[in-house]
Amino acid sequence: MKKIALYTCLLAFGAMSLTSCYDEPDFIADNTTPTGLGSAPVSANELFDLATRTPISTTNNANTRQYAAGTEIKYELQFFSESPVKEINVYETVGTGTRTKVKTYPYAPAFSKTDRTDTLVVSYTVPRAPVGTNVRIDTEVLNQNNLNVIRTLWIRIRQ
């Protein structure tokens, strides 16, 4: 009986000593890269059309989602940054045209405890263009130190 109690105590002590060496991962530290200017923001969530709960294309290919001109698309952008965020900019490139800034969101903290990121619902209105035209949407999270991360979406104009 004494041997069983001794072995049980040794087993418990061994298990506790093994777990004390476990280093809890730090998501932010593991995913940021400091530079001489600070850290660039990070964003990697899948971008969904909130109205239809379907993913929006991140590449320009045969699966690019089609939207009618004038449709409002809303998607949730999740991001974090060790350095202070200045603003979030939305740019569009219609067809082979030039890249144009269409919206700027001033930074407002919206930390989600479950996702451990700031969250912003971005609203974008599909421009008027010929049917079949591809539109590139770039969403930029810009830090005060001018480091950024850009998330790119592609849509195609339909009737």
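Because the structure is predicted, anything quoted here is derived from the model rather than measured. (Residues numbered from 1 in each chain as written. Predicted model: local features only at pLDDT ≥ 70, side-chain atom pairs only at ≥ 80, totals over all residues. Heavy atoms only, no water.)

K.L.:
I'm lost on the nonpolar core in this one. Help?
P.N.:
General note: in soluble globular proteins, nonpolar side chains tend to be found buried as a group. Membership of the largest hydrophobic core comes to 22 residues, with the highest contact counts inside it found for I73, Y75, I88, I137 and I155. Going through the elements one at a time, β6 (72-79), β7 (85-94), β10 (117-125), β11 (134-143) and β12 (148-158) are the ones with two or more residues in this core. Excluding residues within four positions of it along the chain, I73 makes contact with D49, I56, Y67, V122, S123, Y124, V126 and I155. (Core = buried A, V, L, I, M, F, W, Y, C linked by side-chain atoms within 4.5 Å. Buried < 20%, exposed > 50% of the residue type's maximum accessible area, 1.4 Å probe, protein only. Helix = DSSP H or I, 4+ residues; strand = E, 2+ residues; numbered from the N terminus. Contact = heavy atoms within 4.5 Å.)

K.L.:
What is the right way to read the packing of aromatic side chains from this model?
P.N.:
Within a pair of aromatic rings, the relevant descriptors are the distance that separates the centres and the angle that separates the planes. Here the structure, examined in full by the defined rule, presents one aromatic pair. The positively charged end of R99 is found above the aromatic ring belonging to Y91, 3.8 Å away from the centroid. (Phe/Tyr/Trp six-rings, centres within 6.5 Å; stacked < 30°, edge-to-face > 60°. Lys NZ or Arg CZ within 6 Å of the ring centre and 35° of its normal.)

K.L.:
I'm lost on the pairing of β12 in this one. Help?
P.N.:
A regular strand carries its side chains on alternate faces of the sheet. Among the eleven residues in β12, eight count as buried, and that is most of the element. Of the pairings in the sheet, the one linking strand β5 (residues 65-68) to β12 comprises four bridges and is parallel in character. Paired with R65 across the bridge in β12 is I155. Bridge count between β11 and β12: nine bridges; the pairing is antiparallel. Each residue of the ladder has a partner; that of L142, found in β12, is N148. (Pairing = 2+ DSSP bridges.)

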